[in-house]
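Listed below are the residues making up each chain.
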Amino acid sequence: MLDFDMGKYVWFVWPAYAISVAAFAWMIADSLLRARRWKREATRLEAARKPQP
Amino acid sequence: MVFAFLANPDRFMAFSRWAAPMFGVLAAGLIGVGLWLGFAAPEDYQQGDTVRMMFIHVPAAWLSMFVYICLGVASFLSLIFRHALADAAAKAAAPLGAAFTALALVTGSLWGKPMWGTWWVWDARLTSVLVLFLFYLGYIALRAAMDDETKGGRAAAILALVGVINLPIVKFSVDWWNSLHQGASVFRADGPAMTADYLIPLLLMGLGYMAAFGSLWLVRIRAEIWRRRAVILALKLADA
């Protein structure tokens, strides 16, 4: 049985979990967006460098 | 052997293309099961429900040190062999390490208030972890401050290696000095000092955090490789 009732410690436990979720969300979003942005940029420049037919 | 294999950027890109999502799925599974077991564990007889903070605080603290070891090794390889991929790996690790260290500090503070009666004390463990956080920030700031990327990378690598001295201080601070912080309770010579109810979810969460770092680290190294390719291509286009 899962226990989500933190009793008198509710204002300590849930904020700690919320901050952890926020930190993971930032790490995931920042890493993926960074990778996508630079992959797109490198691909675009590679295409621009190739001689046009 | 592994370093030599992955030192080639093309081989690294081929490897990380499948390894990054694989680690990500592994992390989600481990953290999911770890949280399930963590919230199914009984309240601690002394700490009550605050014991559930252990499942996010302790793995974050482990990762804060593990990531710094990765940063140190990558910086060492970058300085000695001047290998661009090692430099990219070091650069990619620093923001993740800073995030895990910040998490350890903040969740520790939220755990400290109900258990110790204070958000913060300047004792050896807390202060040395704060210093670790400042080393991460210093590394990031130093790289960003220099226009010449190569010089910035080398200066930051030296700073990272200086910061390695802090790791044993963090680890053994609770043994060397009087501290409010408890001593080691998992990795001890005479075995873990907690029951399986807490130990199993804690280890699963630790492995989950480790897998999450592995996945995100690979993604960020890939991003850095693409960025460098883009910079080189832009310069070539400008010259043409």
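Residues numbered from 1 in each chain as written. Chains lettered and ligands numbered in written order. Predicted model: local features only at pLDDT ≥ 70, side-chain atom pairs only at ≥ 80, totals over all residues.

Turning our eyes to something else, we now look at the overall build of chain B. Scanning chain B from N- to C-terminus turns up eight helices and zero strands. Sequence-ordered secondary structure for chain B, helices as α and strands as β, is α-α-α-α-α-α-α-α. Projected onto its principal axes, the C-alpha positions of chain B cover 70 × 35 × 30 Å. For chain B, buried positions account for 41% of its 240 residues. (Helix = DSSP H or I, 4+ residues; strand = E, 2+ residues; numbered from the N terminus. Buried ≥ 20, exposed ≤ 12 C-beta atoms within 10 Å, placed from the backbone.)

Here the focus is the overall build of chain A. A count of helices and strands for chain A gives one helix and zero strands. For 53 residues, the compact-globule estimate of 2.2 N^0.38 gives 10 Å, and the C-alpha radius of gyration of chain A, at 22 Å, exceeds that figure by more than 25%. Seen through its principal axes, chain A has C-alpha atoms that stretch 70 × 20 × 10 Å. Burial statistics for chain A: of 53 residues in total, 19% are counted as buried. (Rg over C-alpha atoms; globule rule 2.2 N^0.38 Å.)

Right, let's get into helix α4 (residues 84-116) of chain B. Residues and elements named next belong to chain B. Taking 1.5 Å per residue, 33 residues should reach 48 Å; α4 reaches 46 Å between its end C-alpha atoms and fits that length. Along its length, α4 reaches its greatest deviation from straightness, about 25°, at A94, and the proline P95 lies no more than four positions downstream. With 25 of 33 residues buried, α4 lies mostly within the body of the structure. (Expected span 1.5 Å × (residues − 1). Bend = angle between axes of the 7 residues up to and from the residue.)

Moving on: the packing of helix α5 (residues 124-145) of chain B against helix α6 (residues 149-163) of chain B. All names here are of chain B. At a closest axis distance of 8 Å, the pairing of α5 and α6 adopts a crossing angle of 170°. When the axis of α5 is compared with that of α6, the two are roughly antiparallel. The segment α5 lies against α6, with F135, G138, Y139, L142 and R143 engaging G152, G153, A155, A156, L159, A160 and G163. Looking at the contact of α5 with α6 residue by residue, the classes come out as seven nonpolar, four polar and one charged. (Axes fitted to C-alpha atoms, helices over the stretch in contact; angles between N-to-C directions. Parallel < 35°, antiparallel > 145°, perpendicular 65-115°, else oblique. Contact = placed C-beta atoms within 7 Å. Nonpolar A, V, L, I, M, F, W, Y, C, P; charged D, E, K, R; others polar.)

The next subject is the confidence of the model for chain B. On average, residues of chain B score 93 in pLDDT, and 98% of them reach the 70 mark or higher. Our summary of model confidence lists the complex with pTM equal to 0.94 and ipTM equal to 0.92. (pLDDT = per-residue confidence, 0-100.)

Another point: the nonpolar core. Residues B:V67, B:L71, B:A89, B:A90, B:A93 and B:L96 are the most contacted members of the largest nonpolar core, which totals 74 residues. Those elements giving two or more residues to this core turn out to be α1 (10-49) of chain A together with α2 (9-40), α3 (54-81), α4, α5, α6 and α8 (196-239) of chain B. The residues contacting B:V67, other than those within four sequence positions of it, are B:A93, B:L96, B:G97, B:F100 and B:F213. (Core = buried A, V, L, I, M, F, W, Y, C linked by C-beta atoms within 7 Å.)

Next up on the list: the packing of α1(A) against α4(B). The interhelical angle for the contact between α1(A) and α4(B), taken along N-to-C directions, is 175°, at an axis separation of 9 Å. Taken together, the axes of α1(A) and α4(B) lie roughly antiparallel to each other. Within the contact between the two elements, α1(A) uses A:F12, A:P15, A:A16, A:I19, A:S20, A:A23, A:W26 and A:M27 and α4(B) uses B:L96, B:A99, B:L103, B:V106, B:T107, B:L110, B:W111, B:K113 and B:P114. Its residues assigned to classes, the contact of α1(A) with α4(B) comprises 14 nonpolar, two polar and one charged.

What follows is about the environment of B:G163. Residues and elements named next belong to chain B. Counting through the fold element by element, G163 comes out in helix α6. On the basis of neighbour count, G163 is assigned to the buried category, with 20 C-beta atoms found within 10 Å. When the C-alpha positions of G163 and I69 are compared, they lie 9.9 Å apart, and in sequence the two are 94 residues distant. If we ignore the near neighbours within four places in the chain, the residues touching G163 are Y68 and F135.

Right, let's talk about α5(B) for a bit. Residues and elements named next belong to chain B. In this model α5 runs 30 Å from its N-terminal to its C-terminal C-alpha over 22 residues, within 8% of the 32 Å that 1.5 Å per residue would give. Within the span of α5, buried status applies to A124, R125, L126, S128, V129, L132, F135, Y136, Y139 and R143. Summarising the contacts, the buried residues of α5 are in contact with α3, α4, α6 and α7 (166-176).

Residue and element names in this part refer to chain B. One non-glycine residue, R82, lies in the positive phi region at around 50°. Summarising the element assignment, R82 is placed in the loop between α3 and α4. Overall, the presence of 12 C-beta atoms within 10 Å leaves R82 in the exposed class.

A few words on the environment of B:R154. Assignment of secondary structure puts B:R154 in helix α6. The spacing of B:R154 and B:R82 is 72 residues in sequence and 8.9 Å in space, taken between C-alpha atoms.

This part covers the environment of B:D239. One can find B:D239 in helix α8. As for B:D239 and B:M53, which are separated by 186 residues in sequence, their C-alpha atoms are 56 Å apart.

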